[in-house]
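Chain by chain, the residues:
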Amino acid sequence: ITTLFYSFFKSVVELKNDLSICGMLHSVDQYLNIKLTNISVTDPEKYPHMLSVKNCLIQGSVVPYMQLPADEIHKQLLQDAARKEPLPQKQ
């Protein structure tokens, strides 16, 4: 999987099962798989098993949306990164 861009800003990702995860957005690939670091869940009482998880890779197909703080996003950098074509896969 080729990573489209790396970034480091706080984001909230909500999954289709109503689990919301806060963390630092580390990377996103062409399938919209998301890597978060330093995560926490918004409802730890409902998901206590997630308290020990610090980093995660979330499959893009289970994410209906994510929230990115507008004041922390460098829009031009994000647009430039999204335009880059992925490198060819090694076979």
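Scroll up to find the structure.
Residues numbered from 1 in each chain as written. Predicted model: local features only at pLDDT ≥ 70, side-chain atom pairs only at ≥ 80, totals over all residues. Heavy atoms only, no water.

## Here's the deal with the nonpolar core
Point 1. By size, the foremost hydrophobic cluster in this structure holds 16 residues, and its most contacted members are Ile-21, Ile-34, Leu-36 and Ile-58.
Point 2. The element best represented in this core is strand β3 (residues 34-41), accounting for four residues.
Point 3. Leu-36 has contacts with Ser-11, Val-13, Ile-21, Gly-23, Met-24, Leu-25, Asn-55, Cys-56 and Ile-58, leaving out every residue within four places of it along the chain. (Core = buried A, V, L, I, M, F, W, Y, C linked by side-chain atoms within 4.5 Å. Buried < 20%, exposed > 50% of the residue type's maximum accessible area, 1.4 Å probe, protein only. Helix = DSSP H or I, 4+ residues; strand = E, 2+ residues; numbered from the N terminus. Contact = heavy atoms within 4.5 Å.)

## Observations regarding unusual backbone geometry
Most peptide bonds are trans, and most residues other than glycine sit at a negative phi.
Point 1. If you check the backbone angles, Asp-18 has positive phi at about 75 degrees while not being a glycine.
Point 2. Considering the arrangement of structural elements, one finds Asp-18 in the loop between β1 (3-14) and β2 (20-29).
Point 3. The phi dihedral of Leu-32 is positive, around 65 degrees, even though this residue is not glycine.
Point 4. Mapped onto the elements of the fold, Leu-32 is located in the loop between β2 and β3.

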